Amino acid sequence: MTRHTYSGLHQSLHWATFALFLVQLWTYPAIGRTHHAPHFGVPIDPFDLFLHQVHAISGGLILVFAIVRLWLRHRTPVIPPRFPYPALSTISKLAHLALYTTLILLPITGFLKMYIISAAGLVHILLTRLLYVLLVLHVVGVLVHILIWRDGLLERMGIKLPLQR
Ligand code: HEM
Ligand code: HEM
């Protein structure tokens, strides 16, 4: 069986992941502060410690959501959107694969840095840069769909826009 749009569950997990990504951006500065405080001889702010935990839990949820989404799309494939050039379809598939891979490796390296090997922190930071690049590509791609081709792509993720074909 195949589908033409993502299921309600897949759509919810997509937007929840976006929200959790914003949580990661909000909480990460607290991690640096908790690590630096002892070096400056000041006590760790308990709220920063809390935000550090929130970062780890939210990252863990992002991992679980990515795995569930991969399972959902494997179980019921979604027919890909149309592109005017076939090469763009390949680029889109590769970008989605890279996004899923990054969403899985980020929590793994974050966990490794926190509990097992400190050097994983650098990989974690580099992966955040890769994620930013992929997200810019992702959002630019969506904008081309909805502003230039006006093919109603966002409807596949549950958002119905006006002025689409
Ligand atoms: C943290 C931010 C985001 C991440 C990690 C992310 C990740 C992904 C991934 C991995 C897919 C592929 C789904 C699949 O084929 O299984 C996808 C699809 C999609 N995303 Fe995002 N996304 C993010 C933010 C956004 C935003 C801000 C928009 C809207 C501007 C958006 C719109 C879409 C749409 C419309 C699709 C469906 C594409 C299709 O029809 O195949 N995403 N997203
Ligand atoms: C997709 C999930 C995640 C995202 C998007 C994310 C994002 C970030 C960002 C933006 C930073 C700051 C990088 C910088 O200093 O420029 C960071 C640092 C960090 N994150 Fe995450 N994170 C995720 C998951 C996790 C998880 C699950 C854990 C722990 C269990 C974690 C632990 C850490 C630690 C310890 C640092 C500090 C790294 C260092 O300074 O060496 N992260 N994260």
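Predicted, not measured: the structure shown is a model, and the values here were computed from it. (Residues numbered from 1 in each chain as written. Chains lettered and ligands numbered in written order. Predicted model: local features only at pLDDT ≥ 70, side-chain atom pairs only at ≥ 80, totals over all residues.)

## Some words on the site of ligand 2
Item 1. Around ligand 2 sit 20 residues, and of these Ala56, Gly59, Leu106, Gly110 and Gly121 come closest.
Item 2. The set of elements that each furnish at least two residues to the shell around ligand 2 consists of helix H1 (8-36), helix H2 (46-75), helix H3 (86-115) and helix H4 (120-149).
Item 3. Counted by class, the shell around ligand 2 contains eleven nonpolar, eight polar and one charged residues.
Item 4. Taken domain by domain, the shell around ligand 2 gets at least three of its residues from each of domain 1 (1-79) and domain 2 (83-165). (Near = placed C-beta within 6 Å. Helix = DSSP H or I, 4+ residues; strand = E, 2+ residues; numbered from the N terminus. Nonpolar A, V, L, I, M, F, W, Y, C, P; charged D, E, K, R; others polar. Domains from an automatic or database assignment.)

## Topic: the site of ligand 1
Item 1. Every one of the 19 residues lining ligand 1 counts as a neighbour, but Phe21, His96, Leu99, Arg156 and Met157 are closest to it.
Item 2. Looking at the shell around ligand 1, the elements that each hand over two or more residues are H1, H2, H3 and H4.
Item 3. Grouping the amino acids of the shell around ligand 1 by side-chain chemistry returns twelve nonpolar, four polar and three charged.
Item 4. Built from parts of two domains, the shell around ligand 1 gets at least three residues from each of domain 1 (1-79) and domain 2 (83-165).

## Remarks on H1
Item 1. For H1, which comprises 29 residues, the first-to-last C-alpha distance of 43 Å matches the rise-based estimate of 42 Å (1.5 Å per residue) to within 8%.
Item 2. Residue Thr27 marks the point of greatest curvature in H1, where the axis turns by about 30°; the proline Pro29 follows within four residues.
Item 3. Considered for burial, the residues of H1 that qualify are His10, Leu13, Thr27 and Ala30.
Item 4. On its buried face, H1 sits against H2. (Expected span 1.5 Å × (residues − 1). Bend = angle between axes of the 7 residues up to and from the residue. Buried ≥ 20, exposed ≤ 12 C-beta atoms within 10 Å, placed from the backbone. Contact = placed C-beta atoms within 7 Å.)

## Regarding the environment of Leu163
Item 1. Inspection of the secondary structure puts Leu163 in the segment after H4.
Item 2. C-alpha of Leu163 to C-alpha of Ala19: the two residues are 144 residues apart in sequence and 27 Å apart in space.

## Re the nonpolar core
Item 1. Listed in full, the five residues of the largest apolar core are Ile62, Ala66, Leu103, Leu106 and Leu127.
Item 2. Mapped onto this core, the elements with two or more residues apiece are H2 and H3.
Item 3. Once residues within four sequence positions are removed from consideration, Leu103 is found in contact with Ile62 and Ala66. (Core = buried A, V, L, I, M, F, W, Y, C linked by C-beta atoms within 7 Å.)

## Topic: H2
Item 1. Taking 1.5 Å of rise per residue, 30 residues should cover 44 Å, and H2 covers 44 Å from first to last C-alpha, within 8% of that figure.
Item 2. Turning to H2, its buried residues number three or more, namely His52, His55, Gly59, Ile62 and Ala66.
Item 3. Buried residues along H2 sit against H1 and H3.

## Examining the environment of Phe18
Item 1. Along the chain, Phe18 falls in helix H1.
Item 2. Residue Phe18 is classed as exposed on the basis of its C-beta count, with 11 C-beta atoms lying within 10 Å.
Item 3. In the structure, Phe18 is positioned 44 residues away from Ile62 in sequence and 9.1 Å away in space, judged by C-alpha atoms.

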